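Remarks on the overall topology
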Amino acid sequence: MPTPSLPTLYFDQKGSSEKQDALKSLPSEIVNNVSSFLDWGDLARLACVQSSWKNVVADAAEFGGREATWELTTCLLGGEKLQEEETTENVLYLAHSVDTRGLQTNEPLAVKYLTQMAGVPVDESQLPKIAASTEIEHECNSILPTDWKSSVHSTNVDGADEEALLLLARCHLDGTGLDSANPELALYYLQAAYHMTKSVKAAHTLALIYEYPQQSNNLVPIDVYAAFEWFKAAAEGGCVPSMAELALCYELGCGVTQSDENALDWYMKAAAAGCSSAHFSVGEHYEEGRSVRLDHEEACIWYHRAAVMGEEDGVRGLRRLEEVARRVLPNVGDILNV
């Protein structure tokens, strides 16, 4: 586990007589060697010893650069970090870790560091307000992938930080470290992450927010049209969960004209990329003859692949076509007899 670092002879360079009195009995080489073993919590306690060391935590973050600042920020959030689930329903969330490296939680300070790390200036007066849900969902003033305007928004892609933008967006959705949640700003940071860092995670997260109300704590109204556009952007960027979701949009005609052909195409791409549920969906298309010839043998092959990957729907598909499955798949009994 990396530890925070300070410049060589950092304590000598502070030049405080108060500090010299505290350390006069120790050679500076020993002091600085010992400091290299201090963790964030140790530095925070040192900051309380005397005024000349009050900025030692911030100095260590600045000296350590981006990785040190990120590490400090996650500790200040109580050990919470941005993680991924392998489901399509929630790709990004805050997960608690017991190791805060000896620091007390300070969510407002964490948000301050994240805002600095994000590297994206924002004028909140320019942000579109989230409209109330309407019967015509695409009139909810939703953000789309094509809405980014370089004349209004920053184009300094070199300073943008994907992880910081994603975590900052989550904080603004949850109200973590803030007086209240700010969904408009959360959407802006996700949009910035997509356009400035090419983040397919941001595009997928935006799609989930518009598709599933719980993703925004019911602060952003459902808009299946916007969800489709963001799933499409993420899928075309290589996001596997978005490939499966995009296929489902085509299959159900959700936010787009229904198309079994396009659905199968994206299910095939998702399956080729390792999505277990997509294997089952391809099998369904063959079982029902949707956009392909009806072929129960081929369906069983796809159901078997899904089942081997742990999909219960794949097992149910095999049982539904058990006679065919036992004929074309010699070892299928190992799955069907469980």
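Above: the structure in question.
Presented here is an overview of the structure given in this document.

The rules behind these values
Residues numbered from 1 in each chain as written. Predicted model: local features only at pLDDT ≥ 70, side-chain atom pairs only at ≥ 80, totals over all residues. Heavy atoms only, no water. Helix = DSSP H or I, 4+ residues; strand = E, 2+ residues; numbered from the N terminus. Buried < 20%, exposed > 50% of the residue type's maximum accessible area, 1.4 Å probe, protein only. Areas by Shrake-Rupley, 256 points an atom, 1.4 Å probe, with all protein chains shown as cover. Phe/Tyr/Trp six-rings, centres within 6.5 Å; stacked < 30°, edge-to-face > 60°. Core = buried A, V, L, I, M, F, W, Y, C linked by side-chain atoms within 4.5 Å. Contact = heavy atoms within 4.5 Å. 1 Å grid on protein atoms, 1.4 Å probe; cavity = no way out; pocket = protein on both sides within 12 Å on 5 of 7 lines; lining within 4 Å. Points joined across faces, edges and corners; volume = space filled by probe spheres on them. Nonpolar A, V, L, I, M, F, W, Y, C, P; charged D, E, K, R; others polar. Expected span 1.5 Å × (residues − 1). Arc of directions from axis to C-beta. Axes fitted to C-alpha atoms, helices over the stretch in contact; angles between N-to-C directions. Parallel < 35°, antiparallel > 145°, perpendicular 65-115°, else oblique. Left-handed = near helix turned anticlockwise from the far one by under 90°.

1. Topic: the overall build of the protein
The helix and strand tally for the protein stands at 17 helices and 2 strands. In the protein, buried positions account for 49% of the 338 residues. Surface accessibility of the protein: about 16,700 Å² in total, with carbon and sulfur atoms responsible for 49%.

2. Concerning the packing of aromatic side chains
Both the distance between ring centres and the angle between the ring planes are used here to describe each pair of aromatic rings. Counted according to the given criterion, the structure contains 5 aromatic pairs. Between Trp148 and Tyr188 the ring centres are 5.8 Å apart and the planes differ by 25 degrees, which places this aromatic pair in the stacked class. Of this pair, Trp148 sits in the loop between α6 (107-118) and α7 (162-174) while Tyr188 is found in helix α8 (residues 183-197), placing the two residues 40 residues apart along the sequence. What makes Trp148 buried here is its relative accessible area of 16%.

3. Examining the nonpolar core
One broad rule of soluble globular proteins: the nonpolar side chains tend to lie buried together. Counting residues in hydrophobic clusters, the biggest one holds 98 residues, and the most contacted among them are Trp40, Leu43, Leu72, Leu114, Tyr210, Trp230 and Leu318. Counting residues per element, this core draws most heavily on α8, at 10 residues. Those residues in contact with Leu114 that sit more than four places away from it in its chain are Trp70, Thr73, Leu77, Ala164, Leu167, Leu168 and Cys171.

4. Here we look at empty space enclosed by the protein
Taken as a whole and judged by the stated rule, the model has 2 cavities of 30 Å³ or more. Taken as a whole, the largest cavity encloses approximately 70 Å³ of empty space. Around the largest cavity, the lining comprises 12 residues; the ones closest to its centre are Ile130, Asn141, Ser142, Leu187 and Tyr210. Class assignment for the residues of the lining of the largest cavity results in 8 nonpolar, 2 polar and 2 charged.

5. Quick look at α6
With 12 residues, α6 should reach 16 Å at 1.5 Å per residue; the first-to-last C-alpha distance of 16 Å fits that figure. For α6, the set of buried residues is Ala110, Val111, Tyr113, Leu114, Met117 and Ala118. The arc that holds the buried residues of α6, viewed along the axis, is 160 degrees, so those residues lie on one side. Facing away from the buried side of α6 by over 90 degrees, the exposed positions are Pro108, Lys112 and Gln116. Taken together, the buried residues of α6 touch α5 (56-76) and α7.

6. Some points on the layout of surface pockets
In this structure, the largest pocket spans a volume of roughly 380 Å³. Around the largest pocket sit 18 residues that line it, and Ala44, Val57, Leu76, Leu103 and Leu109 are the ones nearest its centre. Considered class by class, the residues forming the lining of the largest pocket number 10 nonpolar, 6 polar and 2 charged.

7. Some points on the packing of helix α11 (residues 240-252) against helix α12 (residues 260-272)
Running from N to C, α11 and α12 point in directions that differ by 160 degrees, and their axes come no closer than 8 Å. On the basis of their axis angle, the class for α11 and α12 is roughly antiparallel. When the axes of α11 and α12 are compared, the crossing they make is left-handed. On α12, the residues touching Val240, Met243, Ala244, Leu246, Ala247, Leu248, Tyr250 and Glu251 of α11 are Asn262, Ala263, Trp266, Tyr267, Lys269 and Ala270.

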